[in-house]
Amino acid sequence: MSDQLVTFVLQILNGLKIGSVYALVALGYTMVYGIIKLINFAHGDFIMVGSYALLYTMPIMVSMGMPAWMAVVIAIAICALVGITVEKVAYKPVRKKGNNMSALITAIAMSLFLENLAQTIFGAAPKPVGTIFSFPDMVFGEVKINGNTILTIIIGVSVMIALQFFVKNTKLGKSMRAVSEDGQAAVLMGINKNRTITMTFAIGSGLAAVASLMYCASYPQATPTIGAMLGLKAFVAAVLGGIGIIPGAMLGGIVIGLVESLSKAYIGDLTGGVITSAFSDAIVFGILIIVLLVKPSGILGKNVGEKV
Amino acid sequence: MNTPVLEAKHLGITFGGLKAVDDFNITINEGELVGLIGPNGAGKTTVFNLLTGVYQPTEGAFFLNGNKMNGKKMHEVVRAGIARTFQNIRLFKTMTVLENVKIAFEMDFKYKLAHAFFRLPKYWKDEKEIEEKAMDLLKIFNLESKADYIANNLPYGQQRKLEIARALATGMKLLLLDEPAAGMNPTETAELLSCINVIRERFGIAILLIEHDMSLVMKICERIVVIDYGVTIAKGLPKEIAENPKVIAAYLGADDDLEDEEDTKEGA
Amino acid sequence: MKKSSIKSSLINLVVLIIVFGILIVLCEFDILSNYIRGILMVCCISIIMACSQNITVGYLGQIALGGAGFMGIGAYTAAIITKAMASANILVGEGVPDTLRFLIAILAGGILAAIFGVLVGIPALRLRGDYLAIITLGFGEIIRVVIQNLKFLGGKGFSEGSAGQALVGINRISNLYVVFWVMVICVALMYTFIRSKYGRAIIAIRNDDIAASASGLNITFYKVLAFTVSSFFAGVAGGIFAHYIGSLSAGSFGWLKSTEYVIMVVFGGMGSLTGSVIAAIVLTALPEALREFSDYRMLAYSVALIIVMIYRPTGLLGTYEVSVTRLINKILGKKEPSLHAIKAEVEASGTKEEEVVK
């Protein structure tokens, strides 16, 4: 294989890796949006919560003789708890009283709150997260593939498959879909809407914890703002795929991951150096803008008009 | 013969395979009051939405004073001269009664951005003139004493009237009223009737009216069009409509046994 | 022109002159330290920013999170212009006040920001609500990334510039007295804008956009106009900021900065310019006064913001405008002219007989 092709394959794998992180985070955005029509700006910060949870529970796990990655179980629990608390303490009261706008502002405020709380507790400086797992590198002829990359992709894909199964086949998953289709009708059919919302937050936040595990495996640092840009891009992914649609979030996450990784690698050459890899964030947002303008409902979304 | 104010020819719209309105034809002359009736879900409001640019017709065309209106946006249709009210009242709820009406005088405001920013004389002149015009309009509806009220705080009947006043302020030639008497008590309905008469006399405009209150329709409309399932099933004078078996069937939902209806008091 | 309107304008002018007089006295007698003067300067900038964001967030009712991006455009434009003037020797030297260059620069910053406002607004404003928030955030971030990576906007600028660095060496020619009046004029212009057919149309669109089109309003035009006016003043604020701070880095115009101004709008009241003015002053000065707690500033903001949203979704003042005239009338025991409007508390735009301070 030529060097160029090898680089290309590695970039694709990189894209899939970060893309599956985006996809898991995007799922959280999309599930919450589907069910309460709110962009949960704080969702990105659940990743941050997850990474600090990992940071502090991993040594405990290791000292108890368990593998470090088992810490993710505790991280999932903590994230789910934070997610539920955020919903109960802030979103629910605002939803009852305010409008869309106040809900959105509350979400932004909640994001600021979590970031600043983390900064107060843990300090602004990045803290190193220990090695979560070290999977042996794989060698195919001349191509050496990072084992963690493969593992991350595998975890991401299996979580997505599990989620899809859960939503399609379990009672709770079905009630989630029912509430997001038509909340009032779902209540009339005897679905406990509040419980469903709570569970959605729990699952979405739990996914963020898994995402933080995957992310920290490659970038082993926890900072108070780790979730800000990551969350924003995952959100872009959710919108790209069609917000509120679960397969859409997965598709969007992968696409954004690939675009980011490939644009970082090739945009400089392609544009003769006019646009450099430093623009990759701008490119992601550029895609968001184009999608919103061409098809605001996203790739897999349906257009709905307003009733007069 | 004069060009009619409104002429719709073979107007139709399809929503994803469903023909909501099909082959709708109507001609309204100056000063005429025409009723549009039909059972719930017959497509009356869809006709209004077509005539005001909310929806674009997939078939046919409609003309205002002979000018084709297809493809125009809502505000362009309004500026051309078709104004409407809504089935569920749509006022600018947090604004005052006077402001609600002033906004609809959009076309009469001539001042530009610079006049507004720097409060040049033209700003004061326009604002004053239009305030007077708006107050005149409110007087017709007995709302002048409520000019400073927040629209949302008006009683229901007055909100309906304010919505009509606002539509009139656009300087329209054709007024579309979507169930103006819905939810009104008999006194309010009577008051509304006299208002409609006053504006017809004063402005000489044509009106197309959707209404469920049959006694009202029969009393004031000069002609009536009946639609059901998007299809026009009858047209004519109120008297003819009241006796039309198709109309009776549509309202009572009995297709096969028309005889049964003889004992039943029809809706009219 | 209405008598009452002239009267209250005069009252407001008198109040402003008194405030300005106090400011001069405090500065000339060195009662205010440079530090305090700096805070006052930042207050003025925040006031303009908060009011400009109120036009879109409050009056138009659309959350736009790109405000800081336009501020950045204004800041960089103004900085580049004074830099160019300085190197080309235009309007520099004996007898030419710095203020002239300053005013030209901030005006140019506002105009360029407004042009970008049109360009961004036309596509973005086709969306609403959450989607608009996101797309403006996206545009804001793109603006930031592009500025960051333009060679002539980094380092010493122009040919000596380098991408990814802060733009340094901007003449610090903002003068507090001048900035005070620039701020007053900006707020007054935004006020007259809102209390004209344009502002009415914008508020009407927030109320019900379908009814607004049914009243003959061209919604797209008014939305883009609101966005443009808002961008213009954000650009002016950015221009002032550039000439106060002396160096610019694109990172300080990210979406978090935008949210800070949105927070001011929300605290003050969505649809109350005086509310924005007060909130801007309080939220700028308070953290400075409580310097030792500055680490907790954003923490406290965010908690307060959530509480405000739970208990008063339209912000502390809602759409109520503070008015000196009304205050004086109250003290003199005069009857309130438009009682219903105030009582209703929903929307104070009915209080057209009164001008508002600042």
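A. Focus on the overall build of chain A. Summing up its helical and strand segments, chain A has 11 helices and 4 strands in all. Oriented by its inertia axes, the alpha-carbon framework of chain A measures out at about 60 × 50 × 40 Å. Residues counted as buried form 50% of the 308 residues belonging to chain A. When contacts within chain A are restricted to residue pairs at least 6 apart in sequence, long-range pairs at least 24 apart make up 76% of them.

B. Focus on the overall build of chain C. The number of helices and strands found in chain C is 14 helices and 0 strands. Counting from the amino terminus, chain C carries its helices and strands in the arrangement α-α-α-α-α-α-α-α-α-α-α-α-α-α. The principal-axis extents of the C-alpha atoms in chain C amount to approximately 60 × 50 × 45 Å. In chain C, which comprises 358 residues, the proportion classed as buried is 56%. The contacts of chain C with a sequence gap of at least 6 include a subset with a gap of at least 24, amounting to 80%.

C. Geometry of the interface of chain B and chain C. In this assembly, 34 residues from chain B lie in contact with 29 residues from chain C. Elements supplying a minimum of two residues to the side of chain B that touches chain C: α2 (74-80), β6 (82-84), α3 (97-104), α4 (113-118) and α5 (121-140) of chain B. A class-by-class count of the residues in the side of chain B that touches chain C yields 17 nonpolar, 7 polar and 10 charged.

D. A look at the interface of chain A and chain C. Contacts between chain A and chain C engage 35 residues on the former and 34 residues on the latter. The set of elements that each furnish at least two residues to the side of chain A that touches chain C consists of α3 (71-97), α4 (100-122) and α11 (280-294) of chain A. Sorting elements by how many residues they give to the side of chain A that touches chain C places α4 of chain A first, with 14 residues. Along the lines of polarity and charge, the residues of the side of chain A that touches chain C split into 24 nonpolar, 9 polar and 2 charged.

E. Layout of the packing of helix α2 (residues 43-63) of chain A against α4 of chain A. All names here are of chain A. Direction vectors running N to C along α2 and α4 enclose 25°, while the axes themselves pass 9 Å from each other. Classified by the angle their axes make, α2 and α4 are roughly parallel. The handedness of the crossing between α2 and α4 is left-handed. Only S111, L114, E115, A118 and F122 of α4 make contact with α2, whose side of the interface consists of G44, D45, M48, V49 and Y52. Here the residues of the contact of α2 with α4 sort into 6 nonpolar, 2 polar and 2 charged.

F. Seen up close, the environment of L60 of chain C. Residue and element names in this part refer to chain C. One can find L60 in the loop between α2 (34-59) and α3 (67-88). With 27 C-beta atoms counted inside 10 Å, the residue L60 sits in the buried group. Taking the C-alpha atoms as reference, L60 lies 5.8 Å from I203; in sequence the two are 143 residues apart. Those residues in contact with L60, other than ones at most four positions away along the chain, are I55, I202, I205, R206, K223 and A226.

G. Geometry of the pairing of strand β9 (residues 223-228) of chain B. All names here are of chain B. Among the 6 residues of β9, 5 are classified as buried, and the element is accordingly described as predominantly covered. Alignment of β9 against strand β10 (residues 231-236), held across 5 bridges, turns out to be antiparallel. Among the inter-strand pairings, V226 is bridged to a residue of β10, identified as A234. Between β9 and β10, which pair antiparallel and follow one another directly, the connecting turn spans 2 residues, one of which, Y229, has a positive phi of 50°.

H. Seen up close, unusual backbone geometry. All names here are of chain B. One non-glycine residue, N142, lies in positive phi territory at about 55°. Mapped onto the fold, N142 is located in the loop between α5 and α6 (156-169). In this structure, Y229 is a non-glycine residue whose phi angle is positive, near 50°. One can find Y229 in the loop between β9 and β10. Given 15 C-beta atoms within 10 Å, Y229 falls into the partly exposed group.

I. Representation of helix α1 (residues 44-51) of chain B within the structure. All names here are of chain B. Burial of α1 is extensive: 8 of the 8 residues sit out of reach of the surface. Considered for burial, the residues of α1 that qualify are K44, T45, T46, V47, F48, N49, L50 and L51. Within two residues after α1, G53 carries a phi angle of roughly 80°, on the positive side.

J. Just the packing of helix α9 (residues 226-241) of chain A against helix α10 (residues 246-270) of chain A, in detail. Residues and elements named next belong to chain A. Between α9 and α10, whose axes approach to 7 Å, the crossing angle comes to 125°. When the interaxial angle is binned, α9 and α10 end up oblique. Considering only the axes of α9 and α10, their crossing is right-handed. Taking contact as the criterion, the partners of K233, A234, V236, A237, A238, L240 and G241 in α9 are, on α10, G248, A249, L251, G252, G253, V255 and I256.

K. Highlighting the confidence of the model for chain A. Here chain A averages 89 in pLDDT, while 98% of its residues score no lower than 70. Mean pLDDT across the elements of chain A bottoms out in strand β3 (residues 143-145) of chain A (80) and peaks in α3 of chain A (94).

L. Fine view of the confidence of the model for chain C. Across chain C, the average pLDDT comes to 87, with 92% of residues at 70 or higher. Two numbers describe this predicted complex: its pTM, 0.89, and its ipTM, 0.89.

M. The environment of E179 of chain B, seen in detail. Residue and element names in this part refer to chain B. For E179, the position within the fold is in the loop between β7 (174-178) and α7 (186-203). Owing to 19 C-beta atoms within 10 Å, E179 belongs among the partly exposed residues under this scheme. Put simply, E179 and Q87 are 92 residues apart on the chain and 5.7 Å apart in space, counted from C-alpha to C-alpha. The residues contacting E179, other than those within four sequence positions of it, are Q87, I210, E211 and H212.

N. Region of interest: the environment of K112 of chain B. By the secondary structure assignment, K112 of chain B is in the loop between α3 and α4. Accessibility expressed as a C-beta count within 10 Å gives 12 for K112 of chain B, which makes it exposed.

Procedures and definitions
- Residues numbered from 1 in each chain as written.
- Chains lettered and ligands numbered in written order.
- Predicted model: local features only at pLDDT ≥ 70, side-chain atom pairs only at ≥ 80, totals over all residues.
- Helix = DSSP H or I, 4+ residues; strand = E, 2+ residues; numbered from the N terminus.
- Buried ≥ 20, exposed ≤ 12 C-beta atoms within 10 Å, placed from the backbone.
- Contact = placed C-beta atoms within 7 Å.
- Nonpolar A, V, L, I, M, F, W, Y, C, P; charged D, E, K, R; others polar.
- Axes fitted to C-alpha atoms, helices over the stretch in contact; angles between N-to-C directions.
- Parallel < 35°, antiparallel > 145°, perpendicular 65-115°, else oblique.
- Left-handed = near helix turned anticlockwise from the far one by under 90°.
- Pairing = 2+ DSSP bridges.
- pLDDT = per-residue confidence, 0-100.

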